[in-house]
Amino acid sequence: MAAIENKKRRLSDETSYTENGEKTFKTPEKRVSFVKLVGPGEDVKRWGVDEVAHYLRLQGFEQFEKCFQESRITGRGFLYLTDSHLKELGISSLADRLELLSCIHQLWQNCSENMKVFNDPIHGHFELHPLLVQIIDTPQFQRLRNIKQLGGTYFVFPGGSHNRFEHSLGVGYLAGCLVKTLQERQPELKIDQRDVLCVQIAGLCHDLGHGPYSHMFDGRFMPLARPELDWKHEMASVKMFEHLISSNDLEEVMKDFGLKLPEDLIFIKEQIAGPIHMSDGTHSTKDNCLWPYSGRTEEKSFLYEVVANKRTGIDVDKWDYFARDCHHLGIKNNFDHQRFLKFARVCTVGNKKHICTRDKEVADLYDMFHTRNCLHRRAYQHKVGNIIETMMTEAFLKADPYILIEGKHGKKHTISTAIDDMEAYTKLTDSVFEQILYSSSEELAEARAILHKVLCRKLYKCVGQTQPKENIKIQKHEYKKLAAEVAASEPHTPPDVRLTADDFIVDIILLDYGMKEQNPINNVNFYCKDDPSRAIKIRKNQVSQLLPEKFAEQIIRVYCKKTDEVSFEAAKKYFVHWCFKKDFTKPKDVDLVAPELTPLKASWYDQEDDSNQQFSEHGHHTPRPKKTLFQQ
């Protein structure tokens, strides 16, 4: 009855009369939608206090108008409010805070000011925030256009011509996809716009520190050029990020977009290179130690697993390079990151929060790491690509003292010392290859000759490949003496040519699932459909009996610099004898490598070998060859 009276009262309020006494009706005032306020061209950040209050009233938050007006909250401040800010404003109800944060998130989605659209062959069309666009449009980031993603592998795979620039855009985009998915799926995580921006910036800038030809520079060149340094490109990425921000005056821009400095800068750098260790050494990444990060608290520990996941290796960096590299190399990618996004959620494990996935996805994660292993075997560690990078490294080392790059205050740096000055390092890209190749300087003659051989495919030849026996590993400090060991392994029947240590290159390749000897899936947390809040572990024997028993191995490749037929045949004999003395596995095609030696070491033949040697393809018995001098 009361409802009917209220309806009549509203109707009478909307009724009026003309001068002649005729009844007329007034159309009710149309309610303004917040979408209209943030339509095309509307800049929410320009809202004053009154516009913010009006928006709250339209959204049904009239009770909070006064506290927002008293605190003088404008549009810019409103967009960057977090849960803690709302508490400070006196909004005690969690439900009200979550609803307000949802409205803020909607504003961000509808406010497309300066959002830039990128057309990517892997991820299609995607938008990036204007702050990210300003970072992209700097010399320090644009430098990545001239650094090959796959280094020397491009000389083997004609399609592998893509650069760090497009990979970095992809990682920045995927970082936003993952963190926004978690934000929408689990509002209780209190992921705010600052978190989203910081994670995206970290994804965008994680590879700023790569040198010429990417991993060739930090994996081969720098350890030889400056062996006293334990230098990684992640360290240079942090330094280059700092240089990018300061030299382009982006601190104030970041503040304008709601970032809190220096806290958010620290958070971004920690995502790229890990914890910033204190001088007293108290910080550690172990679960049972103090929280090692200062950019975000343990409540948001999962944010450190988006760009570079130190726990499991499952991160958006891998998602992009799996998809991108497979696309350009012509190799099938067995992992679909879009499916992972559908099942990603955060669960509490101990006192930390980690990104988890559904239990049924465990087999797909094994496929992901198998894809990584295939990419290394078939492309990244290709025997021709590796020797090309080795030759390029030799050329760069010979050219190092003579290539001078101007840095800060006009100081000159070489290739290897440019990492000490980000102004100089910004100018160091793949172009150094052509700088050496097209030079006329006498000092660069040796380096120039090596690079000319690379272009003309006059490469050092691969003598053979072997492996250490099970549970035996060649240590890093032993690498330098391996070439001398091969040269000292002269066969008992001297070959026609004597070779020295300078004629050999021994390349040690480490293949694993990303965490050395460990199974990375053992560190992954899963959840079940029936209880999505509880994290569980799934062991290998629960998945399949056909999974790998070991997750790391070493491969030993030996190359000979002398490429004439006589020297190469001699090098094969040295190599076989060395493998025999070191008790390595049987080299590939060993019978063809040195047929007159044919070492019949027992461990080099398994049951199948024995059966193959005893019977020909027609079933006739074939006697085993006599023992050589190696066994006598």
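Up top you'll find the structure we're talking about.
Overview of the structure.

What counts, and where the lines are drawn
Residues numbered from 1 in each chain as written. Predicted model: local features only at pLDDT ≥ 70, side-chain atom pairs only at ≥ 80, totals over all residues. Heavy atoms only, no water. Helix = DSSP H or I, 4+ residues; strand = E, 2+ residues; numbered from the N terminus. Buried < 20%, exposed > 50% of the residue type's maximum accessible area, 1.4 Å probe, protein only. Contact = heavy atoms within 4.5 Å. Areas by Shrake-Rupley, 256 points an atom, 1.4 Å probe, with all protein chains shown as cover. Expected span 1.5 Å × (residues − 1). Axes fitted to C-alpha atoms, helices over the stretch in contact; angles between N-to-C directions. Parallel < 35°, antiparallel > 145°, perpendicular 65-115°, else oblique. Left-handed = near helix turned anticlockwise from the far one by under 90°. Nonpolar A, V, L, I, M, F, W, Y, C, P; charged D, E, K, R; others polar. Core = buried A, V, L, I, M, F, W, Y, C linked by side-chain atoms within 4.5 Å. Phe/Tyr/Trp six-rings, centres within 6.5 Å; stacked < 30°, edge-to-face > 60°. Lys NZ or Arg CZ within 6 Å of the ring centre and 35° of its normal. Salt bridge = Lys/Arg side-chain N within 4 Å of Asp/Glu carboxyl O. Pairing = 2+ DSSP bridges.

Quick look at the overall build of the protein chain
Helix and strand counts for the protein chain come out as 26 helices and 12 strands. Scored against the burial criterion, the 632 residues of the protein chain give a buried share of 52%. Summarising the internal contacts of the protein chain: among those between residues at least 6 apart in sequence, 69% fall at separations of at least 24. Just so you have it, the protein chain exposes about 31800 Å², and 49% of that area is on carbon and sulfur atoms.

Examining helix 19 (residues 383–399)
Compared with an ideal rise of 1.5 Å per residue, which puts 17 residues at 24 Å, helix 19 spans 24 Å between its outermost C-alpha atoms and is within 8% of the ideal. The buried count for helix 19 comes to 13 of 17 residues, which makes it a mostly enclosed element.

Regarding unusual backbone geometry
Cis geometry marks the peptide bond from leucine 261 to proline 262; its omega dihedral reads 5°. Tracing the sequence through the fold places proline 262 in the loop between helix 14 (251–256) and helix 15 (263–273). A positive phi is found at serine 214, a non-glycine position, where the angle reads about 55°. When you line up the elements, serine 214 lands in the loop between helix 11 (193–205) and helix 12 (215–225).

Re the packing of helix 11 against helix 15
Interhelical geometry of helix 11 versus helix 15 gives an angle of 45° and a closest axis separation of 9 Å. Regarding the angle of helix 11 to helix 15, the classification is oblique. Of the two possible hands of crossing, helix 11 and helix 15 adopt the one that is right-handed. From helix 11, Arg194, Asp195, Cys198, Val199, Ile201, Ala202 and Cys205 reach across to helix 15, where they touch Glu263, Asp264, Phe267, Ile268, Gln271 and Ile272.

Digging into the packing of helix 16 (residues 316–329) against helix 18 (residues 362–380)
With their axes 11 Å apart at the nearest point, helix 16 and helix 18 run at an angle of 45° to one another. By the angle class used here, helix 16 and helix 18 are oblique. Helix 18 is crossed by helix 16, and the crossing has left-handed handedness. Of the residues in helix 18, those in contact with Lys318, Trp319, Tyr321, Phe322, Asp325, Cys326 and Leu329 of helix 16 are Met368, Thr371, Arg372, Leu375, Ala379 and Tyr380. In terms of residue class, the contact of helix 16 with helix 18 is built from nine nonpolar, one polar and three charged.

Some details on the nonpolar core
In a soluble, globular protein the nonpolar side chains are often hidden away together inside. Within the largest apolar cluster, 143 residues are counted, with the highest numbers of intra-cluster contacts made by Phe68, Phe78, Ile201, Trp319 and Tyr425. When residues no more than four places from it in sequence are discounted, the contact partners of phenylalanine 78 are Val52, Tyr55, Leu56, Phe68, Ile73, Ile104 and Leu107.

Section: the side chain of glutamine 193
Mapped onto the elements, glutamine 193 comes out in helix 11. Setting aside residues up to four positions removed in sequence, glutamine 193 forms contacts with Leu79, Trp108 and His129.

Some points on the packing of aromatic side chains
Aromatic ring pairs: the centre-centre distance and the angle between the two ring planes describe each pair. Applying the stated criterion across every chain, the model contains 26 aromatic pairs. Here the aromatic rings of tyrosine 55 and phenylalanine 78 are separated by 5.7 Å at their centres, their planes lie at 70°, and the arrangement is edge-to-face. On the criterion of sequence distance, the pair formed by tyrosine 55 in helix 3 (residues 49–58) and phenylalanine 78 in helix 5 (residues 75–79) is long-range, its members being 23 residues apart. Summarising the burial analysis for this pair, tyrosine 55 and phenylalanine 78 share the class buried. Here the aromatic rings of tryptophan 319 and phenylalanine 335 are separated by 6.3 Å at their centres, their planes lie at 45°, and the arrangement is tilted. Taken together, the residues tryptophan 319 in helix 16 and phenylalanine 335 in the loop between helix 16 and helix 17 (337–343) connect sequence positions 16 residues apart. One aromatic cluster in this structure is built from Phe217, Phe221, Trp231, Phe396 and Tyr425. Note that arginine 143 overlies the ring of tyrosine 425, its terminal NZ or CZ placed 4.5 Å from the centroid.

Looking at the pattern of salt bridges
Per the counting criterion, the structure on display carries 41 salt bridges. Close ionic contact of arginine 339 with aspartate 364 constitutes a salt bridge, the shortest N to O distance being 3.6 Å. Remark: aspartate 364 occurs in helix 18 and arginine 339 occurs in helix 17; sequence separation between them is 25 residues. Classification of aspartate 364 by relative accessible area gives partly exposed; the value is 27%. Between arginine 358 and aspartate 359 there is a salt bridge; the shortest N-O distance is 3.2 Å. One connected set of salt bridges, linked through shared partners, spans Asp192, Arg194, Asp195, Lys260, Glu263, Asp264, Arg296 and Lys300.

Some remarks on the environment of aspartate 420
Of note, aspartate 420 is situated in the loop between strand 8 (412–413) and helix 20 (422–425). Once residues lying within four places of it in the same chain are set aside, the contact partners of aspartate 420 are Arg226 and Lys239.

With respect to the sheet that holds strand 6 (residues 352–358)
Sheet strands associate in pairs through backbone hydrogen bonding, adopting either a parallel or an antiparallel arrangement. If you walk across this open sheet you meet the three strands as 5-6-11, and the pairing is mixed. Looking along the sheet, the strands with just one partner apiece sit at the ends: strand 5 (345–349) and strand 11 (526–527). Inspection of the sheet shows strand 6 paired to strand 11 by two bridges, in the parallel sense. Counted as the bridge partner of arginine 358 is tyrosine 527 from strand 11.

Thoughts on the pairing of strand 12 (residues 552–560)
Summarising burial for strand 12: seven of the nine residues are buried, a large majority. The pairing of strand 9 (residues 461–466) with strand 12 spans five bridges and is classified as antiparallel. What sits directly across from glycine 464, in strand 12, is valine 558. By the bridge criterion, nine bridges tie strand 10 (residues 504–512) to strand 12 in an arrangement that is antiparallel. From the neighbouring strand, phenylalanine 504 faces strand 12, where its bridge partner is cysteine 560.

Quick look at the sheet that holds strand 12
The strand order across the open sheet formed by three strands is 9-12-10, and the pairing between neighbours is antiparallel. If you trace the sheet from one side to the other, it starts and ends with strand 9 and strand 10, each paired once. Along the sheet, successive strands turn relative to each other by an average axial angle of 25°, direction set aside. Strand contacts of helix 24 (residues 565–582): strand 9, strand 10 and strand 12, with the helix running at about 15° to strand 9, the strand carrying the most contacts.

Some thoughts on the environment of leucine 261
You can see leucine 261 is positioned in the loop between helix 14 and helix 15. We classify leucine 261 as partly exposed; its relative accessible area is 22%. Sequence spacing of leucine 261 and glutamate 251 is 10 residues, and the spatial spacing of their C-alpha atoms is 7.9 Å. Ignoring any residue separated from it by four or fewer positions in sequence, one finds leucine 261 in contact with Glu251 and Lys255.

Quick word on helix 12
Residues Met216, Phe217, Asp218, Arg220, Phe221 and Met222 constitute the buried set of helix 12. Contacts made by the buried residues of helix 12 are with helix 13 (233–247), helix 19, helix 20 and strand 10.

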